[in-house]
Structures are given as C-alpha cells and as structure tokens.
Amino acid sequence: MPMSVHFVIATNLATTVSSNWFHRNVSRRRIGSSSVKCSTETTEADRWAKLKNGNDSLEICRVLNGMWQTSGGWGKIDRNDAVEAMLRYADAGLSTFDMADIYGPSEDLYGIFINRVRRERPPEYLEKIKGLTKWVPPPVKMTRSYVRENIEKSRKRMDVASLDMLQFHWWDYANDGYLDALKHLTDLKEEGKIKTVALTNFDTERLQKILENGIPVVSNQVQHSIVDMRPQQRMAQLCELSGVKLITYGTVMGGLLSEKFLDANLTIPFAGPCLNTPSLQKYKRMVDAWGGWNLFQGLLRTMKSIATKHGVSIPTVAVRYVLDQPGVAGSMIGVRLGLAEHIQDANAIFSLVLDDEDVNSIQEVTKKGKDLLQVIGDCGDEYRTI
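- An unreviewed UniProt entry lists the protein under the name NADP-dependent oxidoreductase domain-containing protein, with Arabidopsis arenosa given as the organism.

### Looking at the pairing of strand E9 (residues 219–223)
The side chains of a regular strand alternate, residue by residue, between the two faces of the sheet.
Moving on, step 1. Of all 5 residues in E9, 5 are buried, a share of seventy percent or more.
Moving on, step 2. Burial of E9 is two-sided: the residues Ser219, Gln221 and Gln223 facing one way and the residues Asn220 and Val222 facing the other way are all buried.
Moving on, step 3. One ladder, built from 2 bridges, connects strand E8 (residues 194–200) with E9; its direction is parallel. Following the sheet pairing, Thr200 is matched in E9 by Gln221.

### Points about the environment of Gln363
Moving on, step 1. Of note, Gln363 is situated in helix H13 (residues 356–366).
Moving on, step 2. Remark: the alpha-carbon pair of Gln363 and Leu299, spanning 64 residues in sequence, is separated by 9.2 Å.
Moving on, step 3. A distance of 3.3 Å separates the side chain of Gln363 from the side chain of Tyr321, its partner in a polar contact.

### Thoughts on the layout of surface pockets
Moving on, step 1. Volume-wise, the largest pocket comes out at about 830 Å³.
Moving on, step 2. If you trace the largest pocket, you find 41 residues lining it, with Gln69, Val252, Gly254, Gly255 and Gly334 closest to the centre.
Moving on, step 3. Mapped onto the lining of the largest pocket, the elements with two or more residues apiece are helix H9 (278–290), helix H11 (314–323), strand E11 (328–334) and helix H12 (343–348).
Moving on, step 4. Taken together, the residues of the lining of the largest pocket break down into 19 nonpolar, 15 polar and 7 charged.
Moving on, step 5. As a volume, the second largest pocket reaches approximately 200 Å³.

### A closer look at the side chain of Ser219
Moving on, step 1. Along the chain, the position of Ser219 falls in strand E9.
Moving on, step 2. Once residues within four sequence positions are removed from consideration, Ser219 is found in contact with Leu51, Met165, Ala198, Leu199, Val244, Lys245 and Ile247.

### Re the pattern of salt bridges
Moving on, step 1. Per the stated rule, a full pass over the model turns up 30 salt bridges.
Moving on, step 2. The residue Glu205 makes a salt bridge to Arg206 at a minimum N-O spacing of 3.5 Å.

### Some remarks on H9
Moving on, step 1. Here H9 is 13 residues long and its end C-alpha atoms lie 19 Å apart, about the 18 Å a rise of 1.5 Å per residue gives.
Moving on, step 2. All of the buried residues in H9 are Ser279, Leu280, Lys282, Tyr283, Lys284, Met286, Val287, Ala289 and Trp290.
Moving on, step 3. On its buried face, H9 is in contact with E9, strand E10 (245–249), helix H10 (293–310), H13 and helix H14 (372–375).
Moving on, step 4. Downstream of H9 by one or two residues, Gly292 has phi in the positive range, about 95°.

### What to know about the packing of helix H6 (residues 177–191) against helix H7 (residues 204–212)
Moving on, step 1. Two numbers describe how H6 lies on H7: the axes approach to 11 Å, and their chain directions differ by 50°. One finds that H6 runs oblique with respect to H7. Relative to H7, H6 is oriented so that their crossing is right-handed. Residues Tyr178, Leu179 and Leu182 of H6 form the contact with H7, whose participating residues are Arg206, Lys209 and Ile210.
Moving on, step 2. Class assignment for the residues of the contact of H6 with H7 results in 4 nonpolar, no polar and 2 charged.

### Side note on the environment of Trp135
Moving on, step 1. Position of Trp135 among the secondary structure elements: in strand E6 (residues 130–135).
Moving on, step 2. Among the residues examined, Trp135 registers a relative accessible area of 2% and is labelled buried.
Moving on, step 3. Spatially, the C-alpha atoms of Trp135 and Leu199 are 9.4 Å apart, while their sequence positions differ by 64 residues.

### A word on the packing of aromatic side chains
Moving on, step 1. In total, this model carries 14 aromatic pairs according to the counting rule given.
Moving on, step 2. Members of the aromatic cluster, joined through ring pairs, are Trp135, Tyr146, Phe168, Trp170, Tyr173, Tyr178 and Phe202.
Moving on, step 3. For the cation-ring pair, Arg121 lies above Tyr125, with the distance from its terminal atom to the ring centre recorded as 5.6 Å.
Moving on, step 4. Here Lys128 stacks its cationic end above the ring of Trp48, 4.3 Å away from the centre of that ring.

### What about the pairing of strand E3 (residues 56–61)?
Moving on, step 1. Pairing analysis gives 6 bridges linking strand E2 (residues 48–53) to E3, with the strands arranged antiparallel. The partner of Ala49 across the bridge, within E3, is Ile60.
Moving on, step 2. Between the antiparallel neighbours E2 and E3 lie 2 residues, among them Gly54 with a positive phi of about 60°.

Scoring rules and cut-offs
Residues numbered from 1 in each chain as written. Predicted model: local features only at pLDDT ≥ 70, side-chain atom pairs only at ≥ 80, totals over all residues. Heavy atoms only, no water. Buried < 20%, exposed > 50% of the residue type's maximum accessible area, 1.4 Å probe, protein only. Helix = DSSP H or I, 4+ residues; strand = E, 2+ residues; numbered from the N terminus. Pairing = 2+ DSSP bridges. Polar contact = N/O pair within 3.5 Å; in protein donor to acceptor, adjacent residues only side chain to side chain. 1 Å grid on protein atoms, 1.4 Å probe; cavity = no way out; pocket = protein on both sides within 12 Å on 5 of 7 lines; lining within 4 Å. Points joined across faces, edges and corners; volume = space filled by probe spheres on them. Nonpolar A, V, L, I, M, F, W, Y, C, P; charged D, E, K, R; others polar. Contact = heavy atoms within 4.5 Å. Salt bridge = Lys/Arg side-chain N within 4 Å of Asp/Glu carboxyl O. Expected span 1.5 Å × (residues − 1). Axes fitted to C-alpha atoms, helices over the stretch in contact; angles between N-to-C directions. Parallel < 35°, antiparallel > 145°, perpendicular 65-115°, else oblique. Left-handed = near helix turned anticlockwise from the far one by under 90°. Phe/Tyr/Trp six-rings, centres within 6.5 Å; stacked < 30°, edge-to-face > 60°. Lys NZ or Arg CZ within 6 Å of the ring centre and 35° of its normal.

Put into structure tokens, the structure is as follows:
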C-alpha cells in the first residue's frame, strides 16, 4: 500500500489464540450465528483457488495482477495502453486483478477493461475475470450510509453490478469502528452489492476479534515474502484453525527479488540500479530491517542458483516459495501496465516445483536474518502505531 513504512518495536501483544474459543466456535464451524469456516480448493494444475465461506464462493487466479503501480511513481500510465495490457494478461490466463479506491485510476481502468471483455470475448471468458478491490477509509464514524456511498463509488468506477471482493483496511485500532464498517459491508453482501468480504493488513489479534463478532471474511491480504515471513507465525495459526486464507503482496519485494539486483552495489551513487519507485524504496527498508544488503545478496545468489536449475527467473522462485506456504491462496505481482510485462515469468510459477534441496538452501540463508515479527510487529503493523 502506498504509505511510508513505520517500523514498530514489537511488544508482546495479547494475540495468543484461545484454545477454548476455538473449541467452542471454529471447531464447530460457527461463531455466533455466522459460519466462518473457509477453504481453498486448488484446481487446474494449481492455477486457480476457490475461496469459500458458507454460501460465498470466489475463484481467483493464484497469481494476481497488482495495480498499485497505476497510482503514480512507476511511470506515466497511458489509459489505452494499460487496458490493452490488461487484456494480454487475461488472455494469458492471468485473469485476477487487485486494485483499491486509493490506487489512482485503477478501478476506472478495470471498468474500461471489463467492458472490452464483455464486447470482445465470449461469456465463458468473462466468468474467469475477477476484480478485487480495497476500501481504505479514514477512521471516521462508519455509518451505514457512509459505507454504502463509498462502495457505490467503486461499483460505478469498475462498472459492475457486484464487487467480486471488497478488502477492507483500517488505520487505527484504537477506534473499533472497523467492526461497524464490516457489519455494514456484510449487509451489502447480503444485498448482492458485494460477493465476498475480506480484509487487508489486519493483524492476528484484530482478525480473531472480527471472527468472534461473527463477520464472515474469506481472506486477509498481507505483506509476505521470503524475507518477510511474519504471516507464517501468529497469523498462519489462526488461519489454519478458522479457514481464513491469505492473499500476499510484496512477494517479489517491488522487484528487489530479481536478477536486476543480483550483485548490485547500492553504496556507490549511480553504480547500480536506482531505487526509483515507491515499492523499491519501501522494500529496501524491509531488507535493512531483516539483515542488510550483504545478507540479501546471499539470498539472491541462492535463488539464482535455484532459478537456473529449473530454467526460470528469481521472481518466479520467489512467488512459488510463498504460494507453497500454509494458508496462502494467492500471491500478487505488481503490473506496470503498458510499460513492462512479466507474463512469461508469471505463468512459469504454476509449473515450478521446488524440491527439498531448494527449500533447505533458501532457509539456510533466511535463518540468518532477523525475525521481522520482533522488529516490526505483526502483519500490517508497518502501517500503524499500536
């Protein structure tokens, strides 16, 4: 998300999952009167994942096209070129797009794109296209009318009768208005305005609270990479018990996990590739917090060896590794629509199988890094001070 990373020294949060609560609720697949047991079914050679929660169901491509890059800072986006690029991604089977109300023209581009699909592609093609968006409101009073008004804006921009998925973000946990917002979003889902309700950047403690309040979320979108394995700690335990799935971003760290930065010297100005995008700058701070540039170079060299062994690229290895983690339904790769493409690398992810030797060699390097849960805090804590 397009905000500066504020590192928070982790405190012992009261996020240990209560075994009694899970026995009473999740084990019986209910919290209050609402089912919260979700699942992911993988079909068609690992390309698709079906998110389920009760009667709610949404099939997504496990490699998602992230559209933060349309918001500025990665190069000027031409509308027509961007829509043509979206069609190429979809034609290649990469048919799930992730956007947000705050990502510049992302929702408008999707609206133009989906109308092109309706006119130019067969009905069965349209069924595979999914548009996931986020709502990132200020922490004000969440009235029913305010929530409805903002969801209507996204529906109109995306030109859809019902949002495939609405992922909700909240800035300030001291204000529990997020529970009101999620209850109103659930009502809109019941009206058919939204197909599935989900979260983005919520921590384990708040996810547990949301489930305890009977709100049927299907997923939580969080930062997750080979460097940032925080979701595999507290969050993964809760996800395993509740069935809520993870959609990950930052998985290629804005492009840092690529051949471009292998053996790059960033200490000498202009000697190596520039950190000239918001995502590169953000994830370089993550590298610094994790263990520094020298350790990161060791990781890149290990990943390059694995990539060469399998005839793929470093980013392909990076995404496959995260997709193989417990609870992960899909991982995102940012798309610079009309400026650069990585369709071949993205599609190679589905056929890549990392063996034990590959995984062990990666973990030999990553275990030398710091535990970012202790440095930064739980999932999403980089966006807020608790």
